[in-house]
Amino acid sequence: MIAILPYAEAQFAEVDALWRTVFPEDPPHSHAAVAIPQKLAVQRDLLLVAQEDGHVLGTIMAGYDGHRGWLYKLAVHPKARGCGIARALVRGAERALADLGCTKVNLQVRDTNRDAAAFWAHMGYAVEPRISMGRTL
């Protein structure tokens, strides 16, 4: 049975391996060694893992600034896809955000990741007329 739980520090190696598999092109500032300590310092309960028999099969990270919620790092191990893990992670993160008072959730998908865009559309998310901008500090 798959459980959606807050991340535990003992899961670092498995999450790191999962993210390296699922996000091989991520820049260094998005690697587990950087992103996880940053997340644990702020809203640590919004880093969730999907776990079965003590093994991490997936993750999702969420954030809430008091106005909008964000979803990041939805990852499911390739061998565990198609079992509803991503859906369970998303719904778990949405519940956690709603519990904090969040009424709107945003996310970003790389324009080349058509499978991810299709998944998010299936989950009820829609493309909005926005320009995504960012700056690395």
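Residues numbered from 1 in each chain as written. Predicted model: local features only at pLDDT ≥ 70, side-chain atom pairs only at ≥ 80, totals over all residues. Heavy atoms only, no water.

An unreviewed UniProt entry annotates the protein as GNAT family acetyltransferase originating from Sphingomonas plantiphila.

Strand order across the open sheet formed by 5 strands is β1-β2-β3-β4-β5, with mixed pairing between neighbours. The open sheet has two edge strands, β1 (3-6) and β5 (105-107), and neither has a second partner. Each strand of the sheet is rotated relative to its neighbour by a mean of 30°, with strand direction disregarded. As paired elements, strand β3 (residues 55-64) and strand β4 (residues 69-76) share 6 bridges and run antiparallel to each other. (Pairing = 2+ DSSP bridges. Helix = DSSP H or I, 4+ residues; strand = E, 2+ residues; numbered from the N terminus. Axes fitted to C-alpha atoms, helices over the stretch in contact; angles between N-to-C directions.)

Take the pattern of salt bridges next. Under the counting rule described, the total for this entry stands at 6 salt bridges. Between Arg20 and Asp16 there is a salt bridge, with its nearest N and O atoms 3.2 Å apart. Of this pair, Arg20 and Asp16 both sit in helix α1 (residues 12-22), 4 residues apart, which is roughly one turn of that helix. Across the pair Arg110 and Asp26 runs a salt bridge whose closest N-O atoms are separated by 3.2 Å. (Salt bridge = Lys/Arg side-chain N within 4 Å of Asp/Glu carboxyl O.)

This next bit is on the environment of Pro27. As for its placement among the helices and strands, Pro27 is situated in the loop between α1 and α2 (32-41). On a C-alpha basis, the gap between Pro27 and Ala10 in space is 24 Å, while along the polypeptide they are 17 residues apart.

Right, let's get into unusual backbone geometry. Of note in the backbone geometry, Gln43 takes a positive phi value of approximately 55° without being a glycine. Of the residues examined, Gln43 reaches a relative accessible area of 29% and is grouped as partly exposed. Although it is not a glycine, Asp53 adopts a positive phi angle of roughly 50°. Take Asp53: it is sitting in the loop between β2 (47-52) and β3. (Buried < 20%, exposed > 50% of the residue type's maximum accessible area, 1.4 Å probe, protein only.)

The next subject is the UniProt feature "domain: N-acetyltransferase" (unreviewed entry) in the protein. On the UniProt side, "domain: N-acetyltransferase" (unreviewed entry) is annotated at positions that read residues 2-137 here. For the annotated span residues 2-137, helix accounts for 33% and strand for 23% of the residues, and the straight-line distance between the end C-alpha atoms is 37 Å. (UniProt positions renumbered as here; feature names shortened; annotations may be inferred.)

With that settled, consider the packing of aromatic side chains. Within the structure shown, the criterion is met by 3 aromatic pairs. Look at Phe119 and Trp120: their rings are 5.2 Å apart centre to centre, the planes differ by 75°, and that puts the pair in the edge-to-face class. By relative accessible area, which is 9% here, Trp120 ends up buried. Seen in terms of ring centroids, Trp120 and Tyr125 are 5.1 Å apart; in terms of plane orientation they differ by 80°. Their pairing is edge-to-face. Neither Trp120 nor Tyr125 differs from the other in exposure class; each is buried. In textbook terms, an aromatic cluster arises when at least three aromatic residues are bridged by ring pairs, as seen for Phe119, Trp120 and Tyr125. Between the NZ or CZ atom of Lys73 and the centre of the ring of Trp19, over which it lies, the distance is 4.6 Å. (Phe/Tyr/Trp six-rings, centres within 6.5 Å; stacked < 30°, edge-to-face > 60°. Lys NZ or Arg CZ within 6 Å of the ring centre and 35° of its normal.)

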